[in-house]
Amino acid sequence: LTITTGARYDDHSLFGTAVSPKVAVVERLTDWLTARASYGRGFRAPDVGQLYYRFLNPTNLYQVIGNPHLEPERSNSWQVGVESRSGSRARVGLNLFHNDVTNLIQAVNLGMMTSSAQLAAVAAANDITPDFNVQLNRLLFLYENVARARTRGVELSGNYRIGQVARVSGTYAYVDAIDANTGAALSNRNSHQGTVRVDWTPIRYGIRANLRGAFYSSWIAGSTRSV
């Protein structure tokens, strides 16, 4: 049985201080089976781009602006999982996770800006100065805080050695991410994603080669919020 504890202290000039403790437990149940669990609190201040971004995409008809009124994200995270090994030939792992986040920073689609009056309404509703250089007839994305968000899901991973020169490995993750206040799905998050990799390392030739692939399910790019 192994127990690991720790803590991080943040002192931010804009957002004050935060202490983020964590604890993890790993138990070797048998020679081939290991169980683990962990808990941690998190703190993340918005970066400079999320606060003051002014981005205009010249080809894709959208624009993104920062929000100087953002609050830092704070989270509580739990994980529990097991891992099984068969010597050095095979390994498979299963991990369940649950995260509760307050003030999650999210790019929100405010819709197509079609008039100066609409821009003025956006500025007033979000307490942003009118001179934020937004162009008409383009989608407008604004960074905002989601008061309460929840993400949970499952992760699978594994690898298998084929002979002495090849190994196949892969991962899969399912994530259920919602706004905990409204129940609406969070945007820009794949419910399903994974990777596949094949490594070939013939010792006699002194070379290494690998083939990698990744897959992602569809996701919500953005839901329009009316001003």
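Up top is the structure these notes are about.
Residues numbered from 1 in each chain as written. Predicted model: local features only at pLDDT ≥ 70, side-chain atom pairs only at ≥ 80, totals over all residues. Heavy atoms only, no water.

Undergrad: Please clarify how the layout of surface pockets should be interpreted in this entry.
TA: Of the volumes computed, that of the second largest pocket is approximately 180 Å³. Taken together, 18 residues make up the lining of the second largest pocket; nearest its centre are Arg36, Gln79, Gly81, Leu94 and Asn95. At the level of elements, β2 (16-28), β3 (33-44), β6 (73-86), β7 (90-113) and β8 (138-162) are the ones that each hand at least two residues to the lining of the second largest pocket. Among the elements that line the lining of the second largest pocket, the one with the most residues is β6, at five residues. For the lining of the second largest pocket, the residue count by class is eight nonpolar, six polar and four charged. (1 Å grid on protein atoms, 1.4 Å probe; cavity = no way out; pocket = protein on both sides within 12 Å on 5 of 7 lines; lining within 4 Å. Points joined across faces, edges and corners; volume = space filled by probe spheres on them. Helix = DSSP H or I, 4+ residues; strand = E, 2+ residues; numbered from the N terminus. Nonpolar A, V, L, I, M, F, W, Y, C, P; charged D, E, K, R; others polar.)

Undergrad: Can you walk me through the side chain of Asp199 in this structure?
TA: Structurally, Asp199 can be placed in strand β10 (residues 192-200). What makes Asp199 buried here is its relative accessible area of 17%. In this structure the side chain of Asp199 is engaged in a polar contact, spanning 2.9 Å, whose partner is the side chain of Arg197. Non-local contacts of Asp199, meaning those with residues more than four positions away in its chain, are made with Val165, Ala166, Arg167, Ala209 and Asn210. (Buried < 20%, exposed > 50% of the residue type's maximum accessible area, 1.4 Å probe, protein only. Polar contact = N/O pair within 3.5 Å; in protein donor to acceptor, adjacent residues only side chain to side chain. Contact = heavy atoms within 4.5 Å.)

Undergrad: So what exactly am I meant to see when it comes to the nonpolar core here?
TA: Inside soluble globular proteins, nonpolar side chains tend to come together where they are buried. In terms of nonpolar packing, the biggest core is built from eleven residues, these being Phe15, Ala18, Phe43, Ala45, Leu51, Val64, Leu70, Ile105, Ala107, Phe141 and Tyr143. Looking at this core, the elements with two or more residues in it are β7 and β8. Apart from residues no more than four positions distant in its own chain, Ile105 is found in contact with Arg44, Pro46, Gln50, Leu70, Glu71, Glu73, Tyr143, Glu144 and Asn145. Counting residues in hydrophobic clusters, the runner-up holds ten residues, among them Ile65, Leu110, Val122 and Val134. (Core = buried A, V, L, I, M, F, W, Y, C linked by side-chain atoms within 4.5 Å.)

These figures capture arrangement, not role.
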